[in-house]
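Close look at the chain arrangement
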Amino acid sequence: MGAIRQAHWLVAGLGNPGPGYRGTRHNAGFRVVERLAAEAGARFAPDAHESEAARADLAGSSILLLKPQAFMNLSGPCVARWLSALELPPERLVVVHDDLDLSLGRLRLTVGSGPGGHRGVASIQAALGTKAFPRVRVGIGRPGLDEDAADRVLGEFRPEEQSLLGETLARAAAAVQCLVSDGLAAAMNRYNVRGMPETGAPP
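These notes cover the structure that comes with them. (Residues numbered from 1 in each chain as written. Predicted model: local features only at pLDDT ≥ 70, side-chain atom pairs only at ≥ 80, totals over all residues. Heavy atoms only, no water.)

On to the overall build of the protein, then. Per the secondary structure count, the protein includes six helices and seven strands. Secondary structure of the protein in N-to-C order comes out as β-α-β-β-β-α-β-β-α-β-α-α-α. In summary, the protein has a C-alpha radius of gyration of 16 Å against a globular reference of 17 Å for 203 residues, a match within 12%. With the C-alpha coordinates of the protein rotated into their principal frame, the extents come out at 50 × 35 × 30 Å. Per-residue burial over the protein gives 50% buried out of 203 residues. Across the protein, the fraction of contacts at a sequence separation of at least 24, relative to all contacts at a separation of at least 6, is 68%. Roughly 9,100 Å² of accessible area belongs to the protein as shown, and the carbon and sulfur atoms make up 51% of that amount. (Helix = DSSP H or I, 4+ residues; strand = E, 2+ residues; numbered from the N terminus. Rg over C-alpha atoms; globule rule 2.2 N^0.38 Å. Buried < 20%, exposed > 50% of the residue type's maximum accessible area, 1.4 Å probe, protein only. Contact = heavy atoms within 4.5 Å. Areas by Shrake-Rupley, 256 points an atom, 1.4 Å probe, with all protein chains shown as cover.)

Here the focus is the pairing of strand 5 (residues 93–99). Extensive coverage of strand 5 is indicated by the burial of seven of its seven residues. Sheet topology note: the strand 1 (residues 9–13)/strand 5 ladder contains four bridges and is parallel. Of the residues in strand 5, the one forming a bridge with Val11 is Val94. Summarising the sheet, strand 5 and strand 7 (residues 134–139) pair through five bridges and their orientation is parallel. Among the inter-strand pairings, His97 is bridged to a residue of strand 7, identified as Arg137. (Pairing = 2+ DSSP bridges.)

Relative to the helices and strands, Asp151 resides in helix 4 (residues 149–154). Given a relative accessible area of 52%, Asp151 falls into the exposed group.

Below, the discussion takes up the packing of aromatic side chains. Using the criterion set out here, one finds one aromatic pair in the structure. On the numbers, 5.9 Å between centres and 75° between planes, the contact of Tyr21 with Phe71 is edge-to-face. Here Tyr21, found in the loop between strand 1 and helix 1 (28–40), pairs with Phe71, found in the loop between strand 4 (61–68) and helix 2 (75–86); they are 50 residues apart in sequence, far enough to count as distant. The residue whose ring lies beneath Lys67 is Phe44, and the NZ or CZ to ring-centre distance is 4.6 Å. (Phe/Tyr/Trp six-rings, centres within 6.5 Å; stacked < 30°, edge-to-face > 60°. Lys NZ or Arg CZ within 6 Å of the ring centre and 35° of its normal.)

So, on to the pattern of salt bridges. Under the counting rule described, the total for this entry stands at nine salt bridges. Among the ionic pairs, Arg25 bridges to Glu161, the shortest N-O distance being 2.7 Å. Here Glu161 lies in the loop between helix 4 and helix 5 (162–182) and Arg25 lies in the loop between strand 1 and helix 1, a separation of 136 residues in the sequence. The buried category is assigned to Arg25, whose relative accessible area is 2%. Where Glu52 meets Lys67, a salt bridge forms, and the shortest distance between an N and an O atom there is 3.5 Å. With Glu52 in strand 3 (residues 51–58) and Lys67 in strand 4, this residue pair connects regions lying 15 residues apart in the sequence. Beyond isolated ion pairs, a larger network of salt bridges with shared partners links Arg22, Glu34, Glu52 and Lys67. (Salt bridge = Lys/Arg side-chain N within 4 Å of Asp/Glu carboxyl O.)

See the structure below:
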């Protein structure tokens, strides 16, 4: 635990534990931090506070990547306990999560806003007693007219969405790295844009 205390940032991806939820839209946050871990050559393992954690060096900073293993609406206590154990302020927490209000392919970096109906974010804000932490919101698209929101977030991405999903997850991981290395304002300027860039073009 002593080495873990030296982490400069805590990056928490939100999702539901278990293989049955792996491919669901609600688990976009898990998939972004898994991508960050893979790019850094790090591996997740069961750790304290009902979580899986991976230590990684990103953009010259020591990061603890976190996947809370409580269900989505109970994510807050796990994140709060880790933030306390790392002795980090809320400003050094980045929460990555799915967002129904953004189309697939869109990202939005925010700080200080309400949960927007996202129960995982609401749980973290309640546990910390503050909204003052950066969030990387990953668009998963609004439900159709005949589709319930709960069914939407717990449904899997369609085969024809997989290519765009891969690009979106890659951009979300890059947005986290930009936030850590260059600050929130720079990351917002670069990634809070409409639509997707052309393949191979800078975001």
